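# A structural walkthrough
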Amino acid sequence: MTVPRFVEKKQSGTKLTMLTAYDFPTAKLLDEAGVDALLVGDSLAMVVQGRETTLPVTLEEMIYHGEMVSRAAKRALVVVDIPFPINHHGVRAAVKAAGKIIKQTGCNAVKLEGGAEQAEVIQALVTAGIPVIAHVGLRPQAVNVMGGYKVQRNRDELMADAIAAENAGAFSIVLECIPADIAKDISAKLTIPTIGIGAGPDCDGQVLVVNDMLGATSGYVPSFVKQYANVADSISKAVAQWTDDVVAGKFPTDEQSF
Ligand code: KIV
């Protein structure tokens, strides 16, 4: 997958698929399953590091995980989030950080939270040869300003943010937690693909946090997630069985011995 092919999928009316990935083995499985794009989201702060918000994750940590995912992906587009608050440190800081992400991870693109207020940064990154996905609607990095993880309903502001990001050169936009009718109108208005998460069925593609859709989390799962597996349950059962076997002297047997 390349950035132009990703964008072309909208023109051909084919829905895009994106899942988060944070490590080599999971990224390899998702890549082999045919997912179009792997997002090394800053959600790794919550999903992998067990933090309360996405705010604490550092640039170095994003690079550490981004490199593993990029190395595992043979066909999917790999996108790495710019962590809070680097893209608000000005254009130079954003280009420096995004350049470091591209150089040290081998990923194809970066994602940043923001729309209209990030237009200058998006433009500078694209000028530097760094493809950008914008992220509008619920912006988890702004959770303290937004007063929680709430559905964003300001139609005019959402539309203005999306248009500003496209005009600045973003090749795609994540729409998070916005009413389906607004996401539909934004998707119809833009020429670049919209990727929805909690934004209804009419986006040009869908993204989910992989642990949520696999049921591999012990924490809160948002209502817009559909669980396609129960990995947490499988792990608990397997570990309980192994523990019982070890205690009962049933593992290892001759078969697992030299
Ligand atoms: O960090 C992340 O995982 C994201 C997705 C939820 C879109 O930004």
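Here the structure is a predicted model, which means the values were calculated and not measured. (Residues numbered from 1 in each chain as written. Predicted model: local features only at pLDDT ≥ 70, side-chain atom pairs only at ≥ 80, totals over all residues. Heavy atoms only, no water.)

## Points about the domain arrangement of the protein
Domain boundaries in the protein define domain 1 (3-227) and domain 2 (230-258). Computed over C-alpha atoms, the centres of domain 1 and domain 2 are 38 Å apart. (Domains from an automatic or database assignment.)

## Some points on the pairing of strand β2 (residues 37-40)
Along any regular strand the residues' side chains alternate between the sheet's two faces. Of the two faces of β2, the one lined by Ala37 and Leu39 and the one lined by Leu38 and Val40 are each fully buried. The pairing of strand β1 (residues 16-20) with β2 spans three bridges and is classified as parallel. When the bridges of β2 are listed, leucine 19 appears paired with leucine 38. The parallel pair β1 and β2 is bridged by helix α2 (residues 24-32), and the resulting crossover is right-handed. Sheet analysis places β2 next to strand β3 (residues 77-81), joined by four bridges and oriented parallel. Of the residues in β3, the one forming a bridge with leucine 39 is valine 79. (Buried < 20%, exposed > 50% of the residue type's maximum accessible area, 1.4 Å probe, protein only. Helix = DSSP H or I, 4+ residues; strand = E, 2+ residues; numbered from the N terminus. Pairing = 2+ DSSP bridges. Right-handed = clockwise from strand over helix to strand, strands pointing away.)

## A few points about α2
For α2, every residue scored as buried is listed here: Ala27, Leu30 and Asp31. With its buried residues spanning 100° around the axis, α2 presents them on a single face. Looking at α2, the residues exposed on the side facing more than 90 degrees away from the buried face are Pro25, Leu29 and Glu32. Taken together, the buried residues of α2 touch β1, β2, α4 (59-72) and α10 (210-213). (Arc of directions from axis to C-beta. Contact = heavy atoms within 4.5 Å.)

## Details of the sheet that holds strand β8 (residues 205-208)
Pairing is parallel around the closed barrel formed by eight strands, whose spatial order is β1-β2-β3-β4-β5-β6-β7-β8. Ignoring strand direction, the axes of neighbouring strands in this sheet form an average angle of 25°. The sheet contact formed by strand β5 (residues 132-137) and strand β6 (residues 172-176) spans five bridges and is parallel. By the bridge assignment, histidine 135 is partnered in β6 with valine 174. Helix-sheet contacts for helix α1 (residues 3-11) involve β1, β2, β3, β6 and β7 (194-197), and the interaxial angle to β1 is about 125°. (Axes fitted to C-alpha atoms, helices over the stretch in contact; angles between N-to-C directions.)

## Quick look at the layout of surface pockets
If you add up the space inside the largest pocket, you get close to 850 Å³. Of all the secondary-structure elements, those providing two or more residues to the lining of the largest pocket are α3 (44-47), β4 (109-113), β6, β8 and α10. Looking at the second largest pocket, its volume works out to about 230 Å³. Looking at the second largest pocket, it is lined by 16 residues, and the ones nearest its centre are Leu19, Gln206, Val207, Leu208 and Tyr228. Of all the secondary-structure elements, those providing two or more residues to the lining of the second largest pocket are β1, β7 and β8. The element best represented in the lining of the second largest pocket is β8, accounting for three residues. Classifying every residue of the lining of the second largest pocket gives 11 nonpolar, four polar and one charged. (1 Å grid on protein atoms, 1.4 Å probe; cavity = no way out; pocket = protein on both sides within 12 Å on 5 of 7 lines; lining within 4 Å. Points joined across faces, edges and corners; volume = space filled by probe spheres on them. Nonpolar A, V, L, I, M, F, W, Y, C, P; charged D, E, K, R; others polar.)

## Some details on the packing of helix α5 (residues 91-105) against helix α6 (residues 119-127)
Axis separation between α5 and α6 bottoms out at 9 Å; the angle between their running directions is 45°. Here α5 lies oblique to α6, going by the angle between them. Read as a crossing pair, α5 and α6 show a hand that is right-handed. Touching Val91, Ala94, Val95 and Ala98 of α5 are Glu120, Val121, Ala124 and Leu125, all from α6. Class assignment for the residues of the contact of α5 with α6 results in seven nonpolar, no polar and one charged. (Parallel < 35°, antiparallel > 145°, perpendicular 65-115°, else oblique. Left-handed = near helix turned anticlockwise from the far one by under 90°.)

## Considerations on the site of the ligand
What surrounds the ligand is the set Thr20, Leu39, Gly41, Asp42, Ser43, Asp81, Lys111, His135 and Ile197. Taking aspartate 42, its side chain carries an N or O atom lying 3.0 Å from an oxygen atom of the ligand. At 3.2 Å from an oxygen atom of the ligand is found a side-chain nitrogen or oxygen belonging to aspartate 81. Taking 260 Å² as the accessible area of the ligand by itself, protein coverage stands at 95%. Because more than half of its atoms lie within 2 Å of the grid, the ligand is assigned to the largest pocket. Here the residues of the shell around the ligand sort into two nonpolar, four polar and three charged. (Near = heavy atom within 4 Å. Polar contact = N/O pair within 3.5 Å; in protein donor to acceptor, adjacent residues only side chain to side chain. Areas by Shrake-Rupley, 256 points an atom, 1.4 Å probe, with all protein chains shown as cover. Sits in = over half its atoms within 2 Å of the grid points.)

## Section: the pattern of salt bridges
The tally for this structure, following the rule as stated, stands at nine salt bridges. A salt bridge links aspartate 36 to lysine 9; its shortest N-O distance comes to 3.0 Å. With aspartate 36 in the loop between α2 and β2 and lysine 9 in helix α1, this pair connects stretches of sequence that are 27 residues apart. The exposure class assigned to aspartate 36 is buried, which follows from its relative accessible area of 3%. Between aspartate 81 and lysine 111 there is a salt bridge, with the nearest N and O atoms lying 2.8 Å from each other. Taken together, the residues aspartate 81 in strand β3 and lysine 111 in strand β4 connect sequence positions 30 residues apart. By relative accessible area, which is 3% here, lysine 111 ends up buried. (Salt bridge = Lys/Arg side-chain N within 4 Å of Asp/Glu carboxyl O.)

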